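Read off the chains here:
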Amino acid sequence: MFLKREGFSSLFCKYKMAGEGEKAVGKDRLFVIMLAIFLCFTDPLFCFGMEGPGDGEPGWYYGQDNYHWSYYDKDQKRHTGWLNYNGEWYWFNSEGWMTGGGITVVDGVSYYFFINGHMAWNQYVGMKFYDQDGQHDPKQDVRVIGKEKADGEDKDLFSDFMYQIPRSWISRFVEDGWELMFYKQKKYFSAPRTNKGIYYVYHSVDTRYKKVKFTDVDSVLQGFGEYVGYASGCYEEGNSRMEILWEEQPAVLSVLGLPDKYQGDAQFYFGKLFAAYLDGDTKKELLQASFRACQVMEEILHLQDDAETRERLQKKAEEEQKEARERAHKLAEQEGQGPGVEKITDDHN
């Protein structure tokens, strides 16, 4: 897993106007990969789009001499063994060095740890599923359809995208009996003509047979998001959260790039919004475009979390929203509109 999630979807354009082929997309992908490789050498956590161990809170120390993270307990001693911190499991060896970036055997049992030290549990790594105890469960792995298998790039990108989804929703997905299916040899599921040209759709969600299908890993977040909308009842008539999202759609359309054909499709709209909200750069745009929509998405994202986790993440979301308001305020002043004055654009006409 070597590509940063933030800003990634914006570089993989989902629009291909009539006459454009796969070659252009291939060049974009190559450019992103080369850029990401360069950044991986300069900042190891950048390549995963992850926060540092312990969310940057006190007690965590990165040793420039040994290139390892350590955590100091209240008695100022290096922690060794297992540590559960903010809902994440970490492992420190006898010298107090944090394990990260691959498989580690602890007491004869193998576990996978991400580069930031988080143990994989109720998560996908590559296209393998690791259960609540951090053990690989082959029954829940992504099913690859066709003779062509997923390559290393597919697996790395898939891991990167799925890492952004709260474990609680992945756990619910598995418990509900849903399945992820990768159609590696299939190019797309549909290609309707829209006001933005031919719009290629690379995913399909089957609520009857409980399948999220995708032909391109770039589309898996939208597909999974459509499941989340379904499981949270957003597509039911009169759903209060969805009503707010409908009200806020005009404000977020330019950020989502949603063509006319899908603007009235609750499932497609929600999935698109879900994927955009989990993208770091696009999330900033959404926060400036519609605080209400972002508040709703934040609430839905953590519906399955326990109360303590929801409270902690709510504080984090409020800080992000505050920063977004401050950015919007400064931008308005720079453009001579004054604070709180909405800029009129063609999208509002």
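Rules used in this analysis
- Residues numbered from 1 in each chain as written.
- Predicted model: local features only at pLDDT ≥ 70, side-chain atom pairs only at ≥ 80, totals over all residues.
- Heavy atoms only, no water.
- Pairing = 2+ DSSP bridges.
- Helix = DSSP H or I, 4+ residues; strand = E, 2+ residues; numbered from the N terminus.
- Axes fitted to C-alpha atoms, helices over the stretch in contact; angles between N-to-C directions.
- Salt bridge = Lys/Arg side-chain N within 4 Å of Asp/Glu carboxyl O.
- Buried < 20%, exposed > 50% of the residue type's maximum accessible area, 1.4 Å probe, protein only.
- Arc of directions from axis to C-beta.
- Polar contact = N/O pair within 3.5 Å; in protein donor to acceptor, adjacent residues only side chain to side chain.
- Core = buried A, V, L, I, M, F, W, Y, C linked by side-chain atoms within 4.5 Å.
- Contact = heavy atoms within 4.5 Å.
- Phe/Tyr/Trp six-rings, centres within 6.5 Å; stacked < 30°, edge-to-face > 60°.

Participant: I'm lost on the sheet that holds strand β14 (residues 211-214) in this one. Help?
Facilitator: Strand pairing within a sheet occurs via backbone hydrogen bonds; the two strands may be parallel or antiparallel. The strand order across the open sheet built from four strands is β9-β10-β14-β13, with neighbouring strands paired in mixed fashion. Where the open sheet ends on each side, the last strands, each with one partner, are β9 (143-145) and β13 (203-206). Averaged over all adjacent pairs, the angle separating strand axes in this sheet is 20°, with direction ignored. Bridge count for β9 against strand β10 (residues 179-183) is three bridges, and the pairing is parallel. Within β10, the position partnered with Ile145 by the bridge is Tyr183.

Participant: I tried to follow the pattern of salt bridges on my own but got confused; where do I start?
Facilitator: Pairing between side chains of opposite charge can happen when their charged atoms approach one another. Tallying each qualifying case throughout the model produces ten salt bridges. Across the pair Glu179 and Arg143 runs a salt bridge whose closest N-O atoms are separated by 2.6 Å. With Glu179 in strand β10 and Arg143 in strand β9, this pair connects stretches of sequence that are 36 residues apart. With a relative accessible area of 38%, Arg143 lands in the partly exposed category. Of the charged contacts, one joins Glu247 and Arg292 as a salt bridge, the two residues approaching to 3.1 Å between their closest N and O atoms.

Participant: What am I meant to see in helix α8 (residues 280-289) here?
Facilitator: It helps to recall that an α-helix has 3.6 residues per turn; residues three or four apart then point in one direction. Along α8, the positions that sit buried rather than exposed are Gly280, Thr282, Lys283, Leu286 and Leu287. Buried residues of α8, seen end-on, are gathered within an arc of 155° and therefore sit on one face of the element. Two or three places before Asp281, at the opening of α8, Asp279 has a side-chain oxygen 3.1 Å from that residue's backbone nitrogen.

Participant: Mind showing me how you'd approach the nonpolar core here?
Facilitator: Residues Tyr124, Phe158, Leu180 and Phe224 are the most contacted members of the largest nonpolar core, which totals 55 residues. Ranked by residues supplied to this core, first place goes to helix α7 (residues 266-278) with ten residues. The contact partners of Phe158, leaving out residues within four places of it in the chain, are Tyr124, Gly126, Met127, Val142, Leu180, Phe214, Val217 and Val220. Formed by seven residues, the second largest nonpolar core is a distinct cluster that contains Trp60, Leu83, Phe92 and Met98.

Participant: Even after reading the chapter, I still don't get the packing of aromatic side chains, so can you show me in this structure?
Facilitator: Each aromatic ring pair is characterised by the separation of its centres together with the angle its planes make. Under the criterion given, the structure shown has 34 aromatic pairs. For the ring pair Trp60 and Tyr85, a centre distance of 5.4 Å and an interplane angle of 85° mean the geometry is edge-to-face. Here the residue Trp60 occupies a position in strand β1 (residues 60-63), and Tyr85 occupies one in strand β3 (residues 81-85), the gap between them amounting to 25 residues. Residue Trp60 is classed as buried on the basis of its relative accessible area, which comes to 11%. By relative accessible area, which is 13% here, Tyr85 ends up buried. Ring centres of Tyr124 and Phe158 lie 5.7 Å apart, and the angle between their planes is 80°; on these two criteria the pair is classed as edge-to-face. Residue Tyr124 is located in strand β7 (residues 123-125), and its partner Phe158 is located in helix α3 (residues 152-162); the two are separated by 34 residues in the primary sequence. Tyr124 sits in the buried class, given a relative accessible area of 2%. A network of ring pairs unites the aromatic residues Trp169, Phe173, Trp178, Phe224, Tyr227 and Tyr230 as a single cluster.

Participant: Please clarify how the pairing of strand β2 (residues 68-71) should be interpreted in this entry.
Facilitator: For a regular strand, side-chain orientation follows a simple rule: the groups alternate between the two sheet faces. Direction of pairing for β1 relative to β2: antiparallel, over a ladder of four bridges. Bridged to Tyr61 within β2 is Ser70. The hairpin formed by β1 and β2 contains four residues between the paired strands, and Tyr67 there has a positive phi angle of roughly 60°.

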